[in-house]
Structures are given as structure tokens and as C-alpha cells.
Amino acid sequence: MYVNVENNNLNALKCIYEKIHEFFDGIHADKNDSIEELIELYSNDDNFLNEKKIISESLNEIVSILKPLDGLQYELYHFMSIRRIICYILNDINLFLNNLSFVYELLVNFFNLIHMKLLNKKGYSDNYDKFCKYLDSQEDFFYTEIFEYDDKYEDLIVEVTNILW
């Protein structure tokens, strides 16, 4: 077993999951509200902005929980990618509100996977393969549809590449 079910790691992950779930449940996006109205509403909501910071901190906490656990190297690697994506989106309230379901689904799918692994449930290998395909498609979507490439380091990259060759 990777971790004792009674261990604080599983409980800590469960608490983080519940905190994230409550945060997303607290976002009231009525279908009649425009994204501009939601941005105006939540940009000035100190409670929402503080909770958003807590979510970001929770992502780092998840890494610190997963890092020392044996047998979770691949899952940790995947979560690092998820964390990078979500942190990018969290930094822009417009992106975040436009991609709520994308962020939430990434987290829920990862939590379901890790929960299955920590409890040594049968069928983990099949679920892991499905999760990898899902994550690949989500990363493709993120880097093609959401992420905006900033070319301010382009000259430096070219210079470093030339030095290495």
C-alpha cells in the first residue's frame, strides 16, 4: 500500500478536495449573466479573491503531500502540469471565469485518480491510462485555446540555443 488510509495524507487530500469543491459551488454563474457582469461582480469580491488565493496555495499543498509518497512519481508529474495550467488560469479572473468547468474537471479527475491509487482499488491501471489520454487532450486544449504565448524571451531563447549548438 502506498499510504496508510488512516494516514493524514489521505485526510489532507480529502480536506483540500472539499475546500476546492466548496469554492466552485460558491460561484454563482447564472446563464443570464454575461461574462463581463461576472468579472465585474467577482473582481470586487474580496472573499472570492481570497478564496481564489487559497485554491492556489492548496495546489502547492497537494504537491507537498504527494512528493514524499512512494509510488506516486507519475501522478506527481501529471499534477505538476495540472498545477501549472491552473495557476496560469487563476492569475486572470477573465480566464478563470471563462474556464471554470475546465479547471474544476481537471482537479476532480485528478482527485478521483489519486484516491483510487491511494486506496489500491482494482482497475487503477485502466483508469490511469484513461486519465493520461484525458490529460493529454486537456493540455492540448490549454496550449492551443487558452494559453497566450509571450515572445518577450524569444531573443534570449535563440541566444541560448545558439550557445548550446
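Refer to the preceding data block for the structure.
So, a few notes on the structure that sits alongside this text. Keep in mind that this is a model prediction, so the values were computed, not measured. (Residues numbered from 1 in each chain as written. Predicted model: local features only at pLDDT ≥ 70, side-chain atom pairs only at ≥ 80, totals over all residues. Heavy atoms only, no water.)

**Observations regarding the overall build of the protein**
Quick reminder of the rule: Only DSSP runs of H or I with at least four residues qualify as helices, and only runs of E with at least two residues qualify as strands; both kinds are numbered from the N terminus onward. Only protein chains enter the accessibility calculation, which uses a 1.4 Å probe. A residue is then buried if its area is under 20% of the maximum for its type, exposed if over 50%, and partly exposed in between. Two residues qualify as a contact provided that any one of their heavy atoms is within 4.5 Å of a heavy atom in the partner residue. All accessibility values rest on the Shrake-Rupley procedure with a 1.4 Å probe; residue burial counts only the protein chains present in the view.
Across its full length, the protein holds eight helices and zero strands. Helices (α) and strands (β) of the protein occur, in sequence order from the N terminus, as α-α-α-α-α-α-α-α. The C-alpha extent of the protein, read off along each of the three principal axes, is 55 × 45 × 25 Å. Across the 165 residues that make up the protein, the buried fraction comes to 37%. In the protein, the proportion of contacts linking residues at least 24 apart, taken out of those at least 6 apart, comes to 73%. A total accessible area of about 10,600 Å² is found for the protein, and carbon and sulfur atoms account for 50% of it.

**Thoughts on the packing of helix 4 (residues 73-90) against helix 7 (residues 124-146)**
Rules: Lines fitted to C-alpha atoms define the axes, with helix axes restricted to the stretch in contact, and inter-axis angles between N-to-C directions lie between 0 and 180 degrees. Working rule for angles: under 35 degrees goes down as roughly parallel, over 145 as roughly antiparallel, 65 to 115 as roughly perpendicular, anything else as oblique. A crossing counts as left-handed when the near helix is turned anticlockwise from the far one by less than a right angle, and as right-handed when that turn is clockwise. For this classification, the nonpolar set comprises Ala, Val, Leu, Ile, Met, Phe, Trp, Tyr, Cys and Pro, the charged set comprises Asp, Glu, Lys and Arg, and every other residue, Gly included, is treated as polar.
Two elements in contact, helix 4 and helix 7, have axes separated by 11 Å at closest approach and are oriented at 30°. Compared by their axis directions, helix 4 and helix 7 come out roughly parallel. Considering how the two elements wind past one another, helix 4 and helix 7 form a crossing that is left-handed. Side by side, helix 4 and helix 7 meet where Tyr-74, Glu-75, His-78, Ser-81, Ile-82, Arg-84, Ile-85, Tyr-88 and Ile-89 of the first sit next to Tyr-124, Tyr-128, Phe-131, Cys-132, Leu-135, Glu-139, Phe-142, Tyr-143 and Ile-146 of the second. Considering only residue class, the contact of helix 4 with helix 7 consists of 13 nonpolar, two polar and three charged.

**Concerning a nonpolar patch on the surface**
Inclusion rule: Two distance rules govern patches: like charges are joined within 9 Å, and nonpolar side chains (Val, Leu, Ile, Met, Phe, Trp, Tyr) within 5 Å, applied only to residues with over 30% relative accessible area and no salt bridge. Any carboxyl oxygen of Asp or Glu that lies within 4 Å of a side-chain nitrogen of Lys or Arg is treated as forming a salt bridge with it.
Where nonpolar side chains cluster on the molecular surface, the patch consists of Tyr-143, Phe-147, Tyr-149, Tyr-153, Leu-156, Ile-157, Val-160, Leu-164 and Trp-165 and spans about 1,100 Å² of accessible area. The greatest single-element share of the nonpolar patch, amounting to four residues, is contributed by helix 8 (residues 154-164). The residue Tyr-143 is located in helix 7 in this model. By relative accessible area, Tyr-143 is classed as partly exposed at 39%.

**Points about helix 1 (residues 8-25)**
Selection rule: By this rule, a helix spans an expected 1.5 Å times one less than how many residues it contains. Taken from the helix axis, the directions to the C-beta atoms give the arc we talk about.
With 18 residues, helix 1 extends 25 Å from end C-alpha to end C-alpha; this agrees with the ideal 26 Å at 1.5 Å per step. Of the residues making up helix 1, those classed as buried are Asn-9, Leu-10, Leu-13, Ile-16, Ile-20, Phe-23 and Phe-24. Projected onto a plane normal to the axis of helix 1, the buried residues spread over an arc of 150° and lie on a single side. Residues of helix 1 that are exposed and point over 90 degrees away from its buried face: Asn-8, Lys-14 and Glu-22. Where the residues of helix 1 are buried, they touch helix 3 (46-66), helix 5 (93-98) and helix 6 (100-118).

Note that every value here comes from positions in space, so none of it alone points to a role or purpose.
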